[in-house]
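Results of the structural survey
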Amino acid sequence: DWAPHIMAGSSPNARAAVSCRLPRSTFPFIALNCATIPANLLESELFGYEEGAFTGARKGGKTGLLQAANKGTIFLDEIGEIPLEIQAKLLRVLEEKEIMKVGGDEIIKIDVRVIAATNRDLKKLVAEGTFRLDLYYRLNTITINVPPLRERPDDILPLIHAFMESEGGSNIPIADDLMNFLLQYKWEGNIRELKNCIEYTSSICSHRMELPDLPEY
């Protein structure tokens, strides 16, 4: 099950949820949103670094996320945001199954499945010269398209129950008019919006969740 995956869709939460259900689920699963890490730190975050590799490097160095996910899965969200120079190193991971820490000279063999997710058009990025063609085809072994939540209303009720359980509010009843609203609402913010809504409403209600309890936004 080494084959890399690309998950294309509009919700990182949905993509992460799907990836957790794939094989290797008993081994490490590490998720990283590439858009949240500055370009000058992303390489050391992914590959790790040796002591003294750069100013401020931790004594003893650091293990990168790719190595930490060995035998398991690393989920790279917003893969289209990775700089070209790091794309080349990621390609080596996929091709050779090995890494080298920043400031190091030792080749480290790893066995990690890479799942990459994006809401951008990678083919367009390739045409613009900001995404490597060889990396695109290497990642694109399996593509999973995740439609927005508004296009899969059957998922809303199970998600509501899951979010309520995670918030400790699984025993709080939901009024019929509120439930109808939740099931029919378009959820432009996808799963993140639904999750925030349930978290807010369950936090202010202790006996029954009513329509007026919804957040103003």
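Refer to the preceding data block for the structure.
Here is a short report on the structure shown in this document. Since the structure is predicted, the reported quantities are computational estimates derived from the model, not experimental observations.

A few words on the pattern of salt bridges. Taken as a whole and judged by the stated rule, the model has eleven salt bridges. A salt bridge links Arg92 to Glu98; its shortest N-O distance comes to 2.8 Å. In this structure Glu98 comes out as buried when scored by relative accessible area, which is 11%. One network of salt bridges, with partners in common, ties together Arg92, Glu98 and Lys109.

What follows concerns the pairing of strand E8 (residues 113-118). Look at any regular strand and the pattern is simple: side chains alternate between the two faces of the sheet. Counting buried residues in E8 gives six out of six residues, a clear majority hidden from the surface. Residues Arg113, Ile115 and Ala117 point to one face of E8 and Val114, Ala116 and Thr118 to the other, with burial holding for every one of them. Relative to E8, strand E5 (residues 73-77) is paired through five bridges, and the arrangement is parallel. Its bridge partner lying in E8, Leu76 is registered against Ala116.

With that out of the way, let us pick up the nonpolar core. In terms of nonpolar packing, the biggest core is built from 32 residues, with Leu46, Leu66, Ile74, Leu76, Ile79, Phe131 and Leu139 touching the most fellow members. Of all the elements in the fold, those that place two or more residues in this core are strand E2 (29-33), helix H2 (39-47), helix H3 (65-68), E5, helix H4 (84-96), E8, helix H5 (122-128) and helix H6 (133-139). Here this core gets five residues from one element, more than from any other, and that element is H4. In this structure Ile74 touches Ile30, Leu46, Leu65, Leu66, Ala69, Val112, Arg113, Val114 and Ile115, once residues within four positions along its chain are discounted. Membership of the second largest hydrophobic core comes to 20 residues, among which are Leu159, Leu182, Leu194 and Cys197.

The rules behind each value
- Residues numbered from 1 in each chain as written.
- Predicted model: local features only at pLDDT ≥ 70, side-chain atom pairs only at ≥ 80, totals over all residues.
- Heavy atoms only, no water.
- Salt bridge = Lys/Arg side-chain N within 4 Å of Asp/Glu carboxyl O.
- Buried < 20%, exposed > 50% of the residue type's maximum accessible area, 1.4 Å probe, protein only.
- Helix = DSSP H or I, 4+ residues; strand = E, 2+ residues; numbered from the N terminus.
- Pairing = 2+ DSSP bridges.
- Core = buried A, V, L, I, M, F, W, Y, C linked by side-chain atoms within 4.5 Å.
- Contact = heavy atoms within 4.5 Å.

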